[in-house]
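In case you want the letters, here they are:
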Amino acid sequence: IFQQDSDFEVFVDAVGCCHDYKELEMNALNTVWNLMLDKSYWDGGSEHSGRISKPGDPSYYDVSEQRTAVRLLEGEMNENCDNKK
C-alpha cells in the first residue's frame, strides 16, 4: 500500500534505538500493512513482514487479532479535487 496509495503510518520504537521497531500503515480503504525493521533502511536494515515472507520464515512478522477501521466523514472516496470544500 505504501507505494501506491496515500497512507497513515504509525512508528513504534519503545526503546528509542531505531532497531527492532514496528510500523503500522493503513490507507483510506482500511488496507493494513504491519512490518518490523531490524534497523533502519539507511543502516542496512531489512523488512520483516507478511508481504515478503510466509509464516514460519525468519523474516515473517504480522500482528494477530489487530482491529482497525476507517470512517469517511464527508464526501466520497477518490472524488475530484475540484469539487472539495
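For the structure itself, consult the block above.
Overview of the structure.

Criteria and thresholds
All residue numbers here refer to positions counted from 1 along the written sequence of the relevant chain. Local features in this predicted model are restricted to residues of pLDDT 70 or higher, and side-chain atom pairs are both shown and tallied only at a pLDDT of 80 or more, whereas totals for entire chains, interfaces and linings draw on every residue. As a rule here, side-chain values cover all heavy atoms of the structure and leave hydrogens and water aside. Labels follow the DSSP assignment, with helices taken as runs of H or I lasting at least four residues and strands as runs of E lasting at least two, numbered in each case from the N terminus. For the exposure calls, accessible area comes from a 1.4 Å probe over protein chains only, and a residue counts as buried if that area is under 20% of its type's maximum, exposed if over 50%, partly exposed in between. Contacts were defined at the residue level, with two residues in contact if any of their heavy atoms lie within 4.5 Å. At least two DSSP bridges between two strands are needed for those strands to be called paired.

1. Comments concerning the overall build of the protein chain
Okay, so step 1: Helix and strand content of the protein chain: zero helices and four strands.
Okay, so step 2: In sequence order, the protein chain lays out its α and β elements as β-β-β-β.
Okay, so step 3: A burial count over the protein chain gives 20% of its 85 residues as buried.
Okay, so step 4: Expressed as a percentage of contacts within the protein chain between residues at least 6 apart in sequence, the contacts between residues at least 24 apart total 24%.

2. A short note on the pairing of strand β1 (residues 7-12)
Okay, so step 1: Direction of pairing for β1 relative to strand β2 (residues 19-27): antiparallel, over a ladder of six bridges. Bridging from a neighbouring strand, Phe11 pairs with Glu23 of β2.
Okay, so step 2: The hairpin formed by β1 and β2 contains six residues between the paired strands, and Gly16 there has a positive phi angle of roughly 80°.

3. A short note on unusual backbone geometry
Okay, so step 1: Phi angles above zero are rare outside glycine, and Asn30 is one such case at about 65°.
Okay, so step 2: Along the chain, Asn30 falls in the loop between β2 and β3 (32-39).
Okay, so step 3: Classification of Asn30 as partly exposed rests on a relative accessible area of 27%.
Okay, so step 4: Of note in this structure, Glu65 is not a glycine but carries a positive phi near 55°.
Okay, so step 5: Relative to the assigned elements, Glu65 resides in the segment after β4 (47-49).

Shape descriptors only; they carry no functional weight alone.
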